[in-house]
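Descriptive analysis of the structure
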Amino acid sequence: MTNLTDPIFNDNDKAREHLEAIRWSDGVYCPHCGNSDQASLHLLKGKSHRPGLYQCNACREHFTVTVGTVMERSKIPLCKWVLGFHLYAASKKGLSAHQLHRMIGVTYKTAWFMAHRIREAMKEDVKSSGPLGGEGKIVEADETYFGPKDTIKKRTIRGKPANSSKRSIVALVERGGSVRSFHVERATKESVRDVLVRNADRKSTLMTDESNFYPITGLEFADHATVKHTGGEYVRYEADRVVHTNTIENVFSVFKRGMVGVYQHCGEAHLHRYLAEFDFRYNRRTALGVTDRERSDDLIRGTTGKRLTYQQTDDAGNA
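In this convention, every chain numbers its residues from 1, walking through the sequence in written order. Predicted model: local features are reported for residues with pLDDT of at least 70 only, side-chain atom pairs are reported and counted for 80 or more only, and whole-chain, interface and lining totals are derived from all residues. As a rule here, side-chain values come from all non-hydrogen atoms in the structure, and water together with hydrogens is ignored.

1. Observations regarding the overall build of the protein
Where helices and strands are cited, they refer to DSSP runs of H or I of at least four residues and of E of at least two residues respectively, numbered from the N terminus. A count of helices and strands for the protein gives eleven helices and ten strands. Oriented by its inertia axes, the alpha-carbon framework of the protein measures out at about 75 × 45 × 40 Å. Every one of the 319 residues in the protein was classed for burial, and the buried ones make up 48%. The criterion used for residue contact is that any of the two residues' heavy atoms lie within 4.5 Å. Summarising the internal contacts of the protein: among those between residues at least 6 apart in sequence, 59% fall at separations of at least 24. Only the protein chains shown count as cover for residues, and all accessible areas are computed by the Shrake-Rupley method using a 1.4 Å probe. Of the accessible surface of the protein, which amounts to about 16600 Å², a share of 49% is contributed by carbon and sulfur atoms. Across the protein, the 49 positively charged side chains and the 39 negatively charged ones have centroids separated by 6 Å. Buried, partly exposed and exposed residues are distinguished by accessible area as a fraction of the type maximum, computed with a 1.4 Å probe on protein chains only: under 20%, between the cut-offs, and over 50%, respectively. By the counting rule applied here, Lys and Arg register as positive and Asp and Glu as negative, while His and the ends of each chain are not counted. Charged side chains are reduced to one point each, which is NZ for Lys, CZ for Arg, CG for Asp and CD for Glu.

Shown next, in the form of structure tokens:
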């Protein structure tokens, strides 16, 4: 259990030391040129310099722990950043910008932008983490639809948006491991296959429902097993395995409960960031032995090398 009276959540100097300890665990380095020679990196002291300001003698640039992160050039106090990271890391179904603005004492506009920068830090580097699954492992895949697209081209006879006019999400999860979710323009055999072959090891056993998106792509994997939801089958016990897609269904359940109950509205251009947020927490869930503090620290590590300006978020929202 995290103590919210911890000085890192209330004192800027303690918060800065906390950020430095996580980001520079192997020693201070210059984010401008990459110099890590401690003899040529100097902490500038005195009343004319803000706390935590360094100078790199190799490139003559100044920097603090926030340079080269989503916090760069932010006027938000560091203790509020650290508290924001913790709140988003610890809230299973998310935290609305309105709630964030009330809890940490910033304007709604600031909280909204801050929340998107936190989600940017949650984004996984798929290339470095490698594919899900592998020999002897099971990968479950499924697609779902959430909310109408910005432009609705087709409706059902009851007037609701048809699936082709809803936002399509394709996700895959390694049973007992990590999940990856993607917002695709439209769920088709081609788009689903592209997600699968790029993110799942083909030595894996693929488990899906009976959707016609998967039979042909399933042949590219070591094995492909399906459950027939339309026939009332949700789990099937075989000699050496249990066939189901309940794991990925549970992932979708938490996502939709959070989106409907907490966020209520999400622009289509920002959907991929919300997916990254829920994936981040799932991949560091308590069932894997990860605490709220460890999840928060991991989120702070993820801020490095990422930037998101207000103009970028505003352009995306109006796209």
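2. Section: the packing of aromatic side chains
Between rings of Phe, Tyr and Trp, where Trp is taken as its six-membered ring, a pair exists when centres lie within 6.5 Å; planes separated by under 30 degrees are stacked, by over 60 edge-to-face, and by other angles tilted. Across all of its chains, the model carries nine aromatic pairs by this definition. Geometrically, the ring pair formed by phenylalanine 213 and tyrosine 214 is edge-to-face, given 6.4 Å between the ring centres and 75° between the ring planes. The same class applies to phenylalanine 213 and to tyrosine 214, which are both buried. Three or more aromatic residues joined by ring pairs form one cluster here, namely Phe146, Phe255, Tyr263, Tyr274 and Phe278. The ring centre of phenylalanine 113 lies 3.9 Å from the NZ or CZ of arginine 117, which sits over that ring. The residue whose ring lies beneath arginine 119 is tyrosine 274, and the NZ or CZ to ring-centre distance is 4.1 Å. In our convention, an over-ring charge means Lys NZ or Arg CZ found within 6 Å of a ring centre and within 35 degrees of that ring's normal.

3. Side note on the sheet that holds strand S5 (residues 166-174)
Pairing between two strands requires that DSSP report at least two bridges joining them. Reading across from one edge, S6-S5-S4-S7-S8 is the order of the five strands in this open sheet, with mixed pairing throughout. In this open sheet, the two strands that pair with only one neighbour each are strand S6 (179-184) and strand S8 (223-227). Neighbour-to-neighbour, the strand axes of this sheet turn through a mean angle of 25°, independent of strand direction. Along the sheet, helix H8 (residues 246-263) contacts strand S4 (138-148), S5 and S6; its crossing angle with S4, the most-contacted strand, is approximately 25°. To get an axis, fit a line to the C-alpha atoms, keeping to the stretch in contact for a helix; angles then go from 0 to 180 degrees between the N-to-C directions.

4. Examining the environment of arginine 293
Among the secondary structure elements, arginine 293 is positioned in helix H10 (residues 292-301). In contact with arginine 293, not counting residues within four places along its chain, are Thr2, Asp6, Ile8 and His18.

5. Observations regarding the packing of helix H3 (residues 97-104) against helix H4 (residues 108-122)
At their nearest, the axes of H3 and H4 sit 8 Å apart, and the two run at 115° to each other. The handedness of the crossing between H3 and H4 is right-handed. Judged by residue contacts, Ala97, His98, Leu100, His101 and Ile104 of H3 engage Tyr108, Ala111, Trp112 and Met114 from H4. Three categories are distinguished: nonpolar for Ala, Val, Leu, Ile, Met, Phe, Trp, Tyr, Cys and Pro, charged for Asp, Glu, Lys and Arg, and polar for the others, with Gly belonging to the last. Its residues assigned to classes, the contact of H3 with H4 shows seven nonpolar, two polar and no charged. It is the rotation of the near helix from the far one that decides the hand of a crossing: anticlockwise by less than a right angle makes it left-handed, clockwise makes it right-handed.

6. Overview of unusual backbone geometry
With a phi close to 65°, arginine 60 is a non-glycine residue in the positive phi region. Relative to the helices and strands, arginine 60 resides in the loop between strand S2 (54-56) and strand S3 (62-63). Positive phi is not limited to glycine here, since glutamine 264 has a value of about 65°. Tracing the chain through its elements places glutamine 264 in the loop between H8 and helix H9 (271-282).

7. A word on the sheet that holds S2
The three strands lie next to each other as S1-S2-S3, forming an open sheet whose pairing is antiparallel. Edge positions in the sheet fall to strand S1 (41-43) and S3, since each of these pairs with one other strand and no more. Both S1 and S2 contribute to a ladder of three bridges, which runs antiparallel. Following the sheet pairing, histidine 42 is matched in S2 by glutamine 55.

8. Focus on the side chain of glutamate 140
Structurally, glutamate 140 can be placed in strand S4. The definition of a polar contact used here is a pair of N or O atoms within 3.5 Å, where within protein one atom must be able to donate a hydrogen and the other to accept one, and adjacent residues in sequence count solely through side-chain atom pairs. A distance of 2.8 Å separates a polar atom in the side chain of glutamate 140 from a polar atom in the side chain of arginine 175. When residues no more than four places from it in sequence are discounted, the contact partners of glutamate 140 are Ala171, Leu172, Val173, Arg175, Met207, His244, Thr245, Asn246, Thr247 and Ile248.

9. Focus on the pattern of salt bridges
Put simply, a salt bridge is a Lys or Arg side-chain nitrogen that is within 4 Å of an Asp or Glu carboxyl oxygen. On inspection of all chains with the given rule, the structure shows 23 salt bridges. One salt bridge in this structure joins glutamate 124 and arginine 180, with 3.6 Å as the shortest N-O distance. Pair noted here: glutamate 124 is in the loop between H4 and helix H5 (126-129) and arginine 180 is in strand S6, with a separation of 56 residues, a long-range link. The partly exposed category is assigned to glutamate 124, whose relative accessible area is 34%.

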